[in-house]
Amino acid sequence: MAAAQTRLPAGAAMVRRLARGCWSAFWDYETPKVIVVRNRRLGFVHRMVQLLILLYFVWYVFIVQKSYQDSETGPESSIITKVKGITMSEHKVWDVEEYVKPPEGGSVVSIITRIEVTPSQTLGTCPESMRVHSSTCGSDDDCVAGQLDMQGNGIRTGHCVPYYHGDSKTCEVSAWCPVEDGTSENHFLGKMAPNFTILIKNSIHYPKFKFSKGNIASQKSDYLKHCTFDQDSDPYCPIFRLGFIVEQAGENFTELAHKGGVIGVIINWNCDLDLSESECNPKYSFRRLDPKYDPASSGYNFRFAKYYKVNGTTTTRTLIKAYGIRIDVIVHGQAGKFSLIPTIINLATALTSIGVGSFLCDWILLTFMNKNKLYSHKKFDKVVDTLDQHMGQRPPVPEPSQQDSTSTDPKGLAQL
């Protein structure tokens, strides 16, 4: 009974101390100790670090990156292209319907500048092309009947026959004959191609901001009949000469027309919607997309055929291997508008980052300065817990009056 009576006051005192500590933590305001160190070098480093952090956030984050704005990338976009012009080869005039593929006009359009024509092909048997692997032969034993080469032109008949020209022999195939390199004719269409015009009609929409705009601003119906693109004087006339596009991409037109290639027309819609709508303008750039200096993958060509019927039956065709300039229209963009949430977040980040200067100078002060121990003693107050002094042994419970004096004035604090 006596032991229980002596423990009750200690438990009550502990409860009172916990309650007092909780109320103190709730109501009291705590602020860090400030120590003024009169050191010019350290003070200069501190202010310079703060200045650099401030300049970074003001100039780069807020002015360059415009981080006070809510942004949206990748606008919804539609593209319509239309090519106009005529050209001629040695014995023929070519119009748009013949040299533009596909004819309907989209974000990708191919303009044929050179063709290799294999006329009057018919279904039959003929020598295989020497370009096909293992097509050359010395006798019929070298040709397996029914063999099909996926890189070839037909199914082998098992016969070894003379080639179209020269003394060589190749395996005979059942295919559209003669094969492509047997009697092909070359026609160059690029003589007048630099003067072809390409209309690129583009409209974009940013759904987050409900903002839409197109690259044609004039409301006059005949506006596009009398204008040509100029970035400074007429940026809203999206009619480009093919020669201008190739020149801006840094390419030689004659060489590109002969081997073919892919040119990208990049339209950038970077819009600051805090400004007026007239400040949101398309920016055009041009560059070659296929690897120019890689012989294995540079250039651009494709094949198609024109079929002819006699008495309602397809009997002949003309095979065309076309080289051309392919135009890929690519639309990029980003729109931004002021928003309170990113502004608050970046301001809070900026204010927090300024404290990096104090952290750096504290590290220099406590690590590299001559009087670092003195600074450490002034900066930190060390309180030794009585439990640590007794190596884990529970100390005797003091009287309530002693507890109050200890809690209000811990050992060592009254002397600092």
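Summarised in this report is the structure supplied together with it.

Analysis parameters
- Residues numbered from 1 in each chain as written.
- Predicted model: local features only at pLDDT ≥ 70, side-chain atom pairs only at ≥ 80, totals over all residues.
- Heavy atoms only, no water.
- Helix = DSSP H or I, 4+ residues; strand = E, 2+ residues; numbered from the N terminus.
- Buried < 20%, exposed > 50% of the residue type's maximum accessible area, 1.4 Å probe, protein only.
- Contact = heavy atoms within 4.5 Å.
- Pairing = 2+ DSSP bridges.
- Expected span 1.5 Å × (residues − 1).
- Phe/Tyr/Trp six-rings, centres within 6.5 Å; stacked < 30°, edge-to-face > 60°.
- Lys NZ or Arg CZ within 6 Å of the ring centre and 35° of its normal.
- 1 Å grid on protein atoms, 1.4 Å probe; cavity = no way out; pocket = protein on both sides within 12 Å on 5 of 7 lines; lining within 4 Å.
- Points joined across faces, edges and corners; volume = space filled by probe spheres on them.
- Nonpolar A, V, L, I, M, F, W, Y, C, P; charged D, E, K, R; others polar.
- Core = buried A, V, L, I, M, F, W, Y, C linked by side-chain atoms within 4.5 Å.
- Patch = residues over 30% accessible without salt bridge, like charges linked within 9 Å, V, L, I, M, F, W, Y side chains within 5 Å.
- Areas by Shrake-Rupley, 256 points an atom, 1.4 Å probe, with all protein chains shown as cover.
- Salt bridge = Lys/Arg side-chain N within 4 Å of Asp/Glu carboxyl O.

Turning our eyes to something else, we now look at the overall build of the protein. Across its full length, the protein carries nine helices and 16 strands. A buried classification covers 34% of the 416 residues belonging to the protein. If you take every contact in the protein between residues at least 6 apart in sequence, the share linking residues at least 24 apart comes to 68%.

All right, on to the pairing of strand S16 (residues 313–338) then. Pairing between strand S1 (residues 69–73) and S16: five bridges, direction antiparallel. Looking at the pairing, Gln69 lines up with Phe338 of S16. Here eleven bridges tie strand S6 (residues 108–127) to S16, and the two strands are oriented antiparallel to one another. If you follow Glu116 over to S16, its bridge partner there is Lys321.

A few words now on unusual backbone geometry. Residue Pro102 is reached from Lys101 by a cis peptide bond, and omega for that bond is -10°. Tracing the chain through its elements places Pro102 in the loop between strand S5 (100–101) and S6. Of note, the bond from Cys177 into Pro178 is cis; its omega dihedral lies within 30 degrees of zero at -5°. Within the chain, Ser120 stands out as a residue other than glycine whose phi angle is a positive 55°. You can see Ser120 is positioned in strand S6. Notably, Ser134 is not glycine yet its phi reads approximately 60°, a positive angle. Considering the arrangement of structural elements, one finds Ser134 in the loop between S6 and strand S7 (155–162).

Now for helix H6 (residues 340–367). With 28 residues, H6 should cover 40 Å at 1.5 Å per step; its first-to-last C-alpha distance of 42 Å lies within 8% of that length. Burial in H6 covers these residues: Pro342, Thr343, Asn346, Ala350, Ser353, Gly357, Cys361 and Leu365.

Another aspect to go through is the pairing of strand S15 (residues 301–310). Two strands pair when backbone bridges link them, and S15 and S16 are joined in this way by ten bridges, in the antiparallel orientation. Residue pairing across strands places Lys306 opposite Thr318, the latter belonging to S16. Here S15 folds back onto S16 in antiparallel fashion, the turn holding two residues, of which Asn311 has a positive phi close to 60°.

We now examine the packing of aromatic side chains. Counted under the stated rule, the structure contains 15 aromatic pairs. Seen in terms of ring centroids, Trp59 and Tyr60 are 6.2 Å apart; in terms of plane orientation they differ by 40°. Their pairing is tilted. Seen from the ring of Trp94, Lys92 lies directly overhead, with NZ or CZ sitting 4.1 Å from the centre. The side chain of Lys101 reaches across the aromatic face of Phe304, ending 4.7 Å from its centre.

Okay, empty space enclosed by the protein next. Applying the stated criterion across every chain yields a total of one cavity of 30 Å³ or more. Approximately 40 Å³ is the volume attributed to the largest cavity. Around the largest cavity sit Trp94, Glu98, Ile112, Ile115, Phe304, Lys306 and Ile320, which together line it. Contributing elements (two or more residues each) for the lining of the largest cavity: S6 and S15. Considered class by class, the residues forming the lining of the largest cavity number five nonpolar, no polar and two charged.

One finds Tyr99, Leu242 and Ile327 to be the most contacted residues of the largest nonpolar core, which totals 44 residues. For this core, the secondary structure elements donating two or more residues are strand S2 (76–84), S6, strand S10 (197–206), helix H4 (242–248), helix H5 (253–259), strand S13 (261–272), strand S14 (283–288) and S16. Broken down by element, the residue count for this core peaks at seven residues, all from S16.

Attention now moves to a nonpolar patch on the surface. Nonpolar side chains collect at one region of the surface, where Leu54, Tyr56, Val58, Trp59, Tyr60, Ile63 and Val64 lie side by side and expose about 680 Å² of accessible area between them. Mapped onto the fold, Tyr60 is located in helix H2 (residues 40–64).

In this model, H2 (25 residues) spans 34 Å end to end at C-alpha, consistent with the 36 Å of a helix rising 1.5 Å per residue. Burial in H2 covers these residues: Leu42, His46, Val49, Gln50, Ile53, Phe57, Val61 and Phe62. In this fold, the buried residues of H2 make contact with H6. Of the residues flanking the end of H2, it is Lys66, one or two places downstream, whose phi is positive at about 50°.

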